[in-house]
Amino acid sequence: PDVTLQTIENRTVIVVEITPGRERPYYLKSMGMVDGTFIRVSGTTRHVERYILKELIMEGQNRYYDCEPCSYLSVTEEDISSLCKEMKEKALKNTIHDAEKEKVRDITKNVLLSWGVLAEIDGKIVPTNAYALLTGQAREQQIIQCAVFKGKDRAYFVDRREIEGPIQDQVDDALQYVMEKINMGMRIQGMYRQDVYELPLDSVRELIANSIAHRSYLDPGNIQIALFDDRLEITSPGMLLNGVTIQ
């Protein structure tokens, strides 16, 4: 702990700062890890939910859900080649200029191993949870819930859709949904007319991609995309990373 003295309203107080440890979770030994782990939520103390406990345990062991081997899946060389080809094609599809396309490199089995999409155990290549999510084979493949609401709150919705499938396909499908629902105007550049959406599509796509890449896949909740009269909201399940605050 870091102990300092500070003067507040002409009084000297002792300030003790204790930074969070990394070997989580911390729990009441007499109650055991499952029953004795608590978290603070909105000023109240409550038992930790099972998925959060799993996250804390993995975080304390410096492990990550997406890099963990997927016990119920197997993978062949053909499966690996197919995913590598699909991912490169998607990368090329999402580039505009030739200079960008030239920067897209081939994806190989070794690249997938370095990314944690595949793992090598006892000399055998096995798929991880990331592979299951990228191929749409996860037992609990999370979805994106999209909705358009009338007004500035969630009292009345006018349209909704659930987007399923491999998570990289969900990015494109969710962006397409937003494009269908927001307004489009135009601007004149010289002799030409250019269509312009009311929201910057590059930013919307980045928000959607981040929500998928950084969400907690142990959390059973789903990503939610909500369009209101005055804003777009994207909600992604999960906690903040250790050591990161909202501020």
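Keep in mind that this is a model prediction, so the values were computed, not measured.

**Some details on the packing of helix H3 (residues 77-93) against helix H7 (residues 167-181)**
Phase 1 of the analysis: The interhelical angle for the contact between H3 and H7, taken along N-to-C directions, is 25°, at an axis separation of 11 Å. Classed by the angle they form, the pair H3 and H7 counts as roughly parallel. As H3 packs across H7, the resulting crossing turns out to be left-handed. Within the contact between the two elements, H3 uses Leu83, Glu86, Lys90 and Lys93 and H7 uses Gln168, Asp169 and Asp172.
Phase 2 of the analysis: Among the residues making up the contact of H3 with H7, the classes are represented as 1 nonpolar, 1 polar and 5 charged.

**Some details on a nonpolar patch on the surface**
Phase 1 of the analysis: Together, Val3, Leu5, Ile14, Val16 and Ile18 give the surface a local cluster of nonpolar side chains, amounting to about 560 Å² of exposed area.
Phase 2 of the analysis: Elements supplying a minimum of two residues to the nonpolar patch: strand E1 (2-8) and strand E2 (11-17).
Phase 3 of the analysis: One can find Val16 in strand E2.

**Re the side chain of Arg215**
Phase 1 of the analysis: Relative to the assigned elements, Arg215 resides in the loop between helix H8 (201-214) and strand E11 (223-227).
Phase 2 of the analysis: For the buried Arg215, no salt bridge is present, and the opposite-charge side chain at shortest range is Asp219, 4.9 Å distant.
Phase 3 of the analysis: Among the polar contacts made by the side chain of Arg215, one reaches the main-chain carbonyl oxygen of Asp219 at a distance of 2.7 Å.
Phase 4 of the analysis: Excluding residues within four positions of it along the chain, Arg215 makes contact with Gln142, Asn210, Gly221, Asn222, Ile223, Ser236 and Pro237.

Scoring rules and cut-offs
Residues numbered from 1 in each chain as written. Predicted model: local features only at pLDDT ≥ 70, side-chain atom pairs only at ≥ 80, totals over all residues. Heavy atoms only, no water. Axes fitted to C-alpha atoms, helices over the stretch in contact; angles between N-to-C directions. Helix = DSSP H or I, 4+ residues; strand = E, 2+ residues; numbered from the N terminus. Parallel < 35°, antiparallel > 145°, perpendicular 65-115°, else oblique. Left-handed = near helix turned anticlockwise from the far one by under 90°. Contact = heavy atoms within 4.5 Å. Nonpolar A, V, L, I, M, F, W, Y, C, P; charged D, E, K, R; others polar. Patch = residues over 30% accessible without salt bridge, like charges linked within 9 Å, V, L, I, M, F, W, Y side chains within 5 Å. Areas by Shrake-Rupley, 256 points an atom, 1.4 Å probe, with all protein chains shown as cover. Salt bridge = Lys/Arg side-chain N within 4 Å of Asp/Glu carboxyl O. Buried < 20%, exposed > 50% of the residue type's maximum accessible area, 1.4 Å probe, protein only. Lys, Arg positive; Asp, Glu negative; His and termini not counted. Polar contact = N/O pair within 3.5 Å; in protein donor to acceptor, adjacent residues only side chain to side chain.

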